[in-house]
Amino acid sequence: MSGLHSIAAAPEWLISERRDTALLEDVLGEPWEVKHCPATRGVPHTDFANRRMAVPSGGSDLSRVVRHHELLHALLSPSHVPEEYIREIGLSPRSVHLAEEIRINSILKENAKGLGLKISAFKDGSEMNEAKNAVASNDLDHAIHLMCASIATGSETSVGRILFAEFPELKKVKKVLKSKMREYWQRNSTYATGVYDDKGMAHAIPRGFVATLGVAQLIEKLWRNDGEDEGEYLDRINSQANNMVKSTTRANPWGSLVFGSVPLTESGNGFLSRSRSASATGRQPRRLHRLISDPDRKVFDRVARKRGGIVVVDGSGSMSLDEEDLKAIVKAASGCTVVVYSFRHEPNEPNIWVVARDGRFVSQDEFPPIGSDNVVDLPALEWGVRQRKDRKDPVIWVSDGQVTGISRYTGKDLDIECAQFIHKHKIIQVKNARGAVEVLSEFARGKTPHSPQFVGDIKVAAKELRLLD
Ligand SMILES: [Zn+2]
């Protein structure tokens, strides 16, 4: 294998980006054997178990498309999907395989321009002959297979033309399938290679593959069509697909909150003090100098009403928050509840701490251990919203917008969830301690800071969801 070719297909580079631990343990570190093969359909493959890949060499459009297809498998496909698992959720290996091909081809097509690939090269004529055979033998089952396999490849239109002439209902079925696929993929993170959990079945299955399982269910339903009336059939497929999309409750990617406690021993005289402002009425005339200087005679102290704002602080490593930052927030957040979170990996180890509440706050020597992972971003925000005493109380989220789930899972779906939550509860996201201090001082001056506000990737997601005004 020449140097050039090993660069053209270097699965171990891609796999090193992956987060599924089963794969990392079994496969990473072992060298891959990349063989060259003809670009004929069915020959190129990626074999995780034996760390083998067969791809066509050379710079032709077809070779390049096929090579990228296999490399995408190495990057995104599960290393192993136990057959019992597939059957348990009512699927067959062939529908799962087909659905995964659709996912990989769709991703390839979506990125073709950037990669300089010609998707139209992705046909060798054999699919046209197969389509003609399916028509000649009136084999609907095979026709469905070919229709699915052609999606997002160069032969989608030509294969469709042959099949739809004989099976006109397939055209509508394909439309349903594609629109459901899009809907399904928007709700799941098609590219995600993170995993849900460190235990159990899910541990071998990258998150993006969940989208594949959804599409496989649709295909499976197409195959189970038992000669019912076309209209009824389409209605049924449509409503089943709708229900499936609705009922697919994906596993919760967020960790659970475990509160640790730090003593809130400090009060008024430290760096946090109740805010006093001059007032014309009151019991204690303390500001006698104002009798001379202030035309409104504001000689009395008025203690500002304590407001019930909540500040939720991301204490993860990416924030590189130090004690001074926390101190500044706590000081500006007079009377607010301030909570800081950062996930550490021992089970039941605390990951969130209340550092200020009701005018009392933690002393500098008792600051909680922060600087690890995120994992509980959304649960911490949910907790923060529940602490509101009044709907007008601001909830401020100090976060750079880099959120993660269990096992350092990062996916757009997490950003979307956070963006939707911020929007719904009018949360003010600020990117650092300074931003929090600014918003808090605005609030202390009796102004209402603009809400909702978004930062970083959460802002990107909010933009895409059209949540920005
Ligand atoms: Zn493939």
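### Details of the overall build of the chain
Here is step 1: Counting its secondary structure elements, the chain contains 18 helices and 12 strands.
Here is step 2: Each of the 469 residues in the chain was classed as buried or not, and the buried ones make up 39%.
Here is step 3: Contacts spanning at least 24 positions in sequence make up 70% of the contacts within the chain whose residues lie at least 6 apart.

### Digging into unusual backbone geometry
Here is step 1: Cis peptide bonds are those with omega within 30 degrees of zero, and the linkage from S451 to P452 qualifies with -5 degrees.
Here is step 2: Note on placement: P452 falls in the loop between helix 17 (433-444) and helix 18 (456-464).
Here is step 3: Its identity is not glycine, yet N138 carries a phi of approximately 50 degrees, on the positive side.
Here is step 4: The residue N138 is located in the loop between helix 7 (126-136) and helix 8 (140-150) in this model.
Here is step 5: In this model, V375 sits at a positive phi of 65 degrees, which is unusual for a non-glycine residue.
Here is step 6: By the secondary structure assignment, V375 is in the loop between strand 10 (360-361) and helix 15 (377-386).

### Examining helix 17
In an α-helix, one turn spans 3.6 residues; hence positions three or four apart end up facing the same way.
Here is step 1: Its 12 residues give helix 17 an end-to-end C-alpha distance of 16 Å, which sits within 8% of 16 Å, the value for a rise of 1.5 Å per residue.
Here is step 2: Among the residues making up helix 17, those that are buried are A433, A436, V439, L440 and F443. All buried residues of helix 17 fall inside an arc of 125 degrees around its axis, so they share one side.
Here is step 3: Considering only its buried residues, helix 17 is in contact with strand 7 (310-314), helix 14 (323-332), strand 11 (395-398) and strand 12 (428-430).
Here is step 4: Backbone geometry just after helix 17 places G446 at a positive phi near 85 degrees.

### Focus: the packing of helix 16 (residues 412-425) against helix 18
Here is step 1: The contact between helix 16 and helix 18 brings their axes to 8 Å, and the two run at 75 degrees. Here helix 18 runs roughly perpendicular to helix 16, going by the angle between their axes. Residues K412, D415, I416, C418, A419, I422 and H423 of helix 16 touch helix 18, and the partners they reach there are D457, I458, V460, A461 and A462.
Here is step 2: When the residues that make up the contact of helix 16 with helix 18 are grouped by side-chain class, the tally is 8 nonpolar, 1 polar and 3 charged.

### Some remarks on the environment of Q402
Here is step 1: Following the sequence through the fold, Q402 ends up in the loop between strand 11 and helix 16.
Here is step 2: Judged by local crowding, Q402 falls into the partly exposed class, with 19 C-beta atoms found within 10 Å.
Here is step 3: C-alpha of Q402 to C-alpha of S318: the two residues are 84 residues apart in sequence and 7.8 Å apart in space.

### Some details on the nonpolar core
Most often, soluble globular proteins keep nonpolar side chains buried together rather than apart.
Here is step 1: Counting residues in each nonpolar core, the largest one holds 56 residues, and the members touching the most others are V311, I329, V338, V339, V355 and A436.
Here is step 2: Among all residues touching V338, those that are not within four sequence positions of it are V311, V313, I329, V330, A333, V355 and A356.
Here is step 3: In terms of nonpolar packing, the next biggest core, distinct from the first, is built from 31 residues, L98, I102, A131 and A134 among them.

### A closer look at the sheet that holds strand 1 (residues 33-36)
Here is step 1: With respect to topology, 3 strands assemble into an open sheet ordered 1-3-2, the strand pairing being mixed. Two strands close off the open sheet at either side, each with one partner strand: strand 1 and strand 2 (45-47). Along the sheet, successive strands turn relative to each other by an average axial angle of 15 degrees, direction set aside.
Here is step 2: With 3 bridges joining them, strand 2 and strand 3 (residues 52-55) adopt antiparallel strand pairing. Bridged to H45 within strand 3 is A54.
Here is step 3: Contacting strand 2 and strand 3, helix 4 (residues 61-76) runs over the sheet at an angle of about 160 degrees to strand 3.

### Considerations on helix 15
Here is step 1: What helix 15 keeps buried is the set D377, L378, A380, L381 and G384. End-on, the buried residues of helix 15 take up no more than an arc of 160 degrees, which puts them together on one face.
Here is step 2: For helix 15, the elements touching its buried residues are strand 7, strand 8 (337-341), strand 9 (352-357), strand 11 and helix 16.

### Remarks on the confidence of the model for the chain
Predicted coordinates in regions of low pLDDT should not be interpreted in detail.
Here is step 1: With 72% of its residues at a pLDDT of 70 or more, the chain has an overall mean of 76.
Here is step 2: Here helix 1 (residues 3-8) is the element of the chain with the lowest mean pLDDT, 36, and strand 12 is the one with the highest, 97.
Here is step 3: Per-residue pLDDT stays below 50 along residues 195-203; that stretch engages in 25 contacts with residues further than four places along the chain or on separate chains.

### Brief notes about the packing of helix 6 (residues 93-115) against helix 8
Here is step 1: Contact pair helix 6 / helix 8: the axes reach a minimum separation of 8 Å and the direction vectors enclose 25 degrees. Comparing their axes, helix 8 and helix 6 come out roughly parallel. Taking contact as the criterion, the partners of L98, E101 and I102 in helix 6 are, on helix 8, H145, C148 and A149.
Here is step 2: Its residues assigned to classes, the contact of helix 6 with helix 8 shows 4 nonpolar, 1 polar and 1 charged.

### Points about the pairing of strand 3
Here is step 1: Burial along strand 3 is one-sided: M53 and V55 are buried, and none of R52 and A54, which face the opposite way, are.
Here is step 2: Relative to strand 3, strand 1 runs parallel, the two being bridged by 4 bridges. Residue K35 lies in a different strand from strand 3, and its bridge partner there is A54.

### So, the environment of F443
Here is step 1: For F443, the location among the structural elements is in helix 17.
Here is step 2: Residues F443 and A332, 111 residues apart in the sequence, show an inter-C-alpha distance of 9.7 Å.

Reading the values: the criteria
Residues numbered from 1 in each chain as written. Predicted model: local features only at pLDDT ≥ 70, side-chain atom pairs only at ≥ 80, totals over all residues. Helix = DSSP H or I, 4+ residues; strand = E, 2+ residues; numbered from the N terminus. Buried ≥ 20, exposed ≤ 12 C-beta atoms within 10 Å, placed from the backbone. Contact = placed C-beta atoms within 7 Å. Expected span 1.5 Å × (residues − 1). Arc of directions from axis to C-beta. Axes fitted to C-alpha atoms, helices over the stretch in contact; angles between N-to-C directions. Parallel < 35°, antiparallel > 145°, perpendicular 65-115°, else oblique. Nonpolar A, V, L, I, M, F, W, Y, C, P; charged D, E, K, R; others polar. Core = buried A, V, L, I, M, F, W, Y, C linked by C-beta atoms within 7 Å. Pairing = 2+ DSSP bridges. pLDDT = per-residue confidence, 0-100.

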